[in-house]
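# Results of the structural survey
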Amino acid sequence: MQINQEKTEKRFDRHGNPHNRTKLLNILRGAVFPSAVIVVWELAARSSLVNTYILPPPSEILKTFLHMLATGIWEEHLLASLRRLVYGFFLTVVFAVPMGILVGKVRGFRHWVNPTLHFLQQIPPIAWIPIFMLLLGIDEASKVAVIVYASFFPVFLNTVQGVTSVDPKLIEVGHAYMLSPWEMVKKVYIPSAAMSIFVGLRLGLSNCWRALVGAELLGASSGIGYLIIEGRQLAQSDKIFVAMFTIGAAGMLIDFFLRKIENKLMPWKKMYQAGERK
């Protein structure tokens, strides 16, 4: 048992970070399955085992992507989606985090808002798209509204969970130092709930991205979702796959950068996790 524990600890440095060799090994392991799928897919398409009209070979999809990249089409649609994502996620943070802190801190306030929020949480974002289009039009406002709705609840609920889980002893210390309500939020609640808040931000951002593409599928003149619709209308399945791969890759990169920001703002988190592994 002790030997296994020592082997596990050797995989991490004194800050709780995986060693470079372990990181590289994990990356290689993660690349095995998708690489195998691409090879089999390419061979099946070249051998006419699949309908290339519906399922073009990866080499053809790559050629289409490079052409869209060279002409600027891919960049134009990606930036259009990212702008909507930034606007929507910013509004989500502005509304969801303060409201989560308020609901988590003021217990009596929960009884007023919980039934309504619980009801709204059950309605999927895509169901609101026609209503938002009628109320806000088919321009950017309706798409941003879908993003905010889709990402609100993960951020809000995780903020509430983080605030309600603050150690009562820390609250007592804050009161002992006669901190004002704003100082309590700034110096006690937010630092203590930071890990939970960032979990909500990552989940909310993921929901943002998926909901945005769904909104663009139903009504947009630009964006990654629009590329899928255009590919379907023109019977260009390679363009559809380019858009789908872009959605997955961009989502992974967005989550990666958010985790980097989280680690930068909370360097103690890695040591906490390393302690849990021990």
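For the structure itself, consult the block above.
Not measured: the values here are computed from a predicted model.

Conventions we followed
Numbering of residues starts from 1 in every chain and runs along the sequence as written. Only residues with pLDDT of at least 70 are given local features in this predicted model, and only at 80 or more are side-chain atom pairs given and counted; all residues enter the totals for whole chains, interfaces and linings. Hydrogens and waters are ignored; side-chain quantities use all the structure's heavy atoms. Helix and strand assignments follow DSSP, with helices taken as H or I runs no shorter than four residues and strands as E runs no shorter than two, numbered in order from the N terminus. Type-normalised accessible area, obtained with a 1.4 Å probe on protein chains alone, sets the label of each residue: buried when under 20%, exposed when over 50%, and partly exposed for intermediate values. Residue contacts are counted whenever heavy atoms from the two residues lie within 4.5 Å of one another. For the area figures, the Shrake-Rupley method with a 1.4 Å probe applies, and any residue is considered shielded solely by the protein chains shown. Stacked, tilted and edge-to-face pairs are distinguished by plane angle, under 30 degrees for stacked and over 60 for edge-to-face with tilted covering the rest, among Phe, Tyr and Trp rings (Trp via its six-membered ring) whose centres lie within 6.5 Å. Axis angles are defined between N-to-C directions and span 0 to 180 degrees, where every axis is a line fitted to C-alpha atoms and, for a helix, only to the segment in contact. Each angle gets one of four labels, with under 35 degrees taken as roughly parallel, over 145 as roughly antiparallel, 65 to 115 as roughly perpendicular, and the rest as oblique. Amino acid classes used here: Ala, Val, Leu, Ile, Met, Phe, Trp, Tyr, Cys and Pro are nonpolar; Asp, Glu, Lys and Arg are charged; the rest, including Gly, are polar.

### A few points about the overall build of the protein chain
Scanning the protein chain from terminus to terminus reveals 12 helices and zero strands. Along the protein chain, helices and strands appear, N-terminal first, in the series α-α-α-α-α-α-α-α-α-α-α-α. The burial tally for the protein chain puts 37% of its 278 residues in the buried class. For the protein chain, contacts bridging at least 24 residues in sequence account for 70% of all contacts bridging at least 6. Within the structure as shown, the protein chain displays about 17500 Å² of accessible surface, and the carbon and sulfur contribution to it stands at 67%.

### Considering the packing of aromatic side chains
Counted by the stated rule, this structure contains 10 aromatic pairs. Both rings, one in Phe 65 and one in Trp 74, keep their centres 5.3 Å apart while their planes meet at 85 degrees; by these two values the pair is edge-to-face. On the accessibility criterion, Phe 65 (24% relative accessible area) is partly exposed. Given a relative accessible area of 18%, Trp 74 falls into the buried group.

### As for the packing of helix α3 (residues 58–71) against helix α11 (residues 237–265)
α11 packs onto α3 with a crossing angle of 75 degrees between their chain directions and a minimal axis gap of 9 Å. Viewed along their axes, α3 and α11 adopt a mutual orientation that is roughly perpendicular. For the pair α3 and α11, the contacting residues are Ile 61, Thr 64, Phe 65 and Met 68 in the first and Asp 238, Lys 239, Phe 241, Val 242 and Phe 245 in the second. Across the contact of α3 with α11, the residue classes break down as six nonpolar, one polar and two charged.

### Overview of the packing of helix α8 (residues 168–176) against helix α9 (residues 181–218)
It is the contact of α8 with α9, at a shortest axis distance of 10 Å, that shows an interaxial angle of 170 degrees. The angle between α8 and α9 falls in the class roughly antiparallel. Residues Leu 170, Ile 171, Gly 174 and His 175 of α8 form the contact with α9, whose participating residues are Met 184, Val 188, Tyr 189 and Ser 192.

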